[in-house]
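# Geometric and topological summary
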Amino acid sequence: MDSNLIQIITAVSGTVGFAIYFNVDKSKLISISFGAFISWIMYLFVLNMSSSLFLANFLSAILVCIYSEIMARVLKTPANICLIPSVVPLLPGSSFYYTMLAAISMNMNIFRQKGMETFMIILGISLGIVVGFFIFVQSLKVFHKIKSHNLS
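Report on the accompanying structure.

### Regarding the packing of aromatic side chains
Inspection of the entire model under this criterion finds seven aromatic pairs. Ring centres of Phe-18 and Phe-22 lie 4.8 Å apart, and the angle between their planes is 55°; on these two criteria the pair is classed as tilted. Judged by its relative accessible area of 27%, Phe-18 falls in the partly exposed class. A centroid spacing of 5.6 Å and a plane angle of 10° characterise the contact between Phe-54 and Phe-58, whose relative ring orientation is stacked. One end of the pair is Phe-54 and the other is Phe-58, both in helix H3 (residues 53–75) and four residues apart, which spans about a single turn.

### Regarding the pattern of salt bridges
Counting across every chain of the model gives three salt bridges. For Lys-28, the salt bridge identified is with Asp-25, shortest N-O distance 3.3 Å. A residue is classified by how much of its surface remains accessible, and Lys-28, at 13% relative accessible area, is buried. Judged by relative accessible area, which is 43%, Asp-25 ranks as partly exposed.

### Focus: the packing of helix H1 (residues 3–21) against helix H4 (residues 80–87)
It is at 8 Å that the axes of H1 and H4 come closest, and there the two elements cross at 130°. Compared by their axis directions, H1 and H4 come out oblique. Two packed elements cross with a definite hand, and for H1 against H4 that hand is right-handed. Facing Thr-15, Phe-18 and Ala-19 of H1, the residues of H4 in contact are Ile-84, Pro-85 and Ser-86. Each residue belonging to the contact of H1 with H4 can be placed in one class, and the counts come to four nonpolar, two polar and no charged.

### Quick look at the nonpolar core
Core analysis: the largest hydrophobic core is formed by 24 residues, its most contacted members being Trp-40 and Tyr-43. For this core, the elements supplying multiple residues, two or more each, are H1, helix H2 (29–50), H3, H4 and helix H6 (108–151). It is H2 that provides the largest number of residues to this core, a total of eight residues.

### Structural notes on the side chain of Thr-15
Position of Thr-15 among the secondary structure elements: in helix H1. Among the polar contacts made by the side chain of Thr-15, one reaches the main-chain carbonyl oxygen of Ala-11 at a distance of 2.8 Å. If we ignore the near neighbours within four places in the chain, the residues touching Thr-15 are Ile-32, Ala-36, Pro-85, Ser-86 and Pro-89.

### Observations regarding H2
Taking 1.5 Å as the rise per residue, H2 with 22 residues should run 32 Å; its terminal C-alpha atoms sit 31 Å apart, in good agreement. Of all the positions in H2, only Leu-29, Ser-31, Ile-32, Ser-33, Gly-35, Ala-36, Ile-38, Ser-39, Trp-40, Tyr-43, Leu-44 and Val-46 are classed as buried. Turning to H2, the residues buried within the fold contact H1, H3 and H4. Phi turns positive, to about 55°, at Ser-51, one or two residues after H2.

Reading the values: the criteria
Residues numbered from 1 in each chain as written. Predicted model: local features only at pLDDT ≥ 70, side-chain atom pairs only at ≥ 80, totals over all residues. Heavy atoms only, no water. Phe/Tyr/Trp six-rings, centres within 6.5 Å; stacked < 30°, edge-to-face > 60°. Buried < 20%, exposed > 50% of the residue type's maximum accessible area, 1.4 Å probe, protein only. Helix = DSSP H or I, 4+ residues; strand = E, 2+ residues; numbered from the N terminus. Salt bridge = Lys/Arg side-chain N within 4 Å of Asp/Glu carboxyl O. Axes fitted to C-alpha atoms, helices over the stretch in contact; angles between N-to-C directions. Parallel < 35°, antiparallel > 145°, perpendicular 65-115°, else oblique. Left-handed = near helix turned anticlockwise from the far one by under 90°. Contact = heavy atoms within 4.5 Å. Nonpolar A, V, L, I, M, F, W, Y, C, P; charged D, E, K, R; others polar. Core = buried A, V, L, I, M, F, W, Y, C linked by side-chain atoms within 4.5 Å. Polar contact = N/O pair within 3.5 Å; in protein donor to acceptor, adjacent residues only side chain to side chain. Expected span 1.5 Å × (residues − 1).

The structure is reproduced here in structure tokens:
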């Protein structure tokens, strides 16, 4: 089986497991699964095109944030119900592990390298969520302005 397909299946199933563990309403699992799917697809696509961990996580987080805000309105639930589990595949688990291993082993070169990698992933996710929310809110303002203009 293709490596990317295995990664996508793993990302989606891990996200579903995370959501189930934290007692997310079962009626929202399909939406959460799709959020994980699009976050990992975008991550793989951008990473293959640019090989930038920051950019891959940044653009994935923007997409997932906008998706979560839309689903929040559709499902009439807080956006975090979809956002947090859908971002789980992006979290830098192995990078953080190797950062801590290097710190404990006193290997400062690896510690700096993996620490910077971990930081860039976290920064990409954080900024992506902020930018995604900003884009969504601005889009809503434009939509409401156009809608009110057409009604008058």
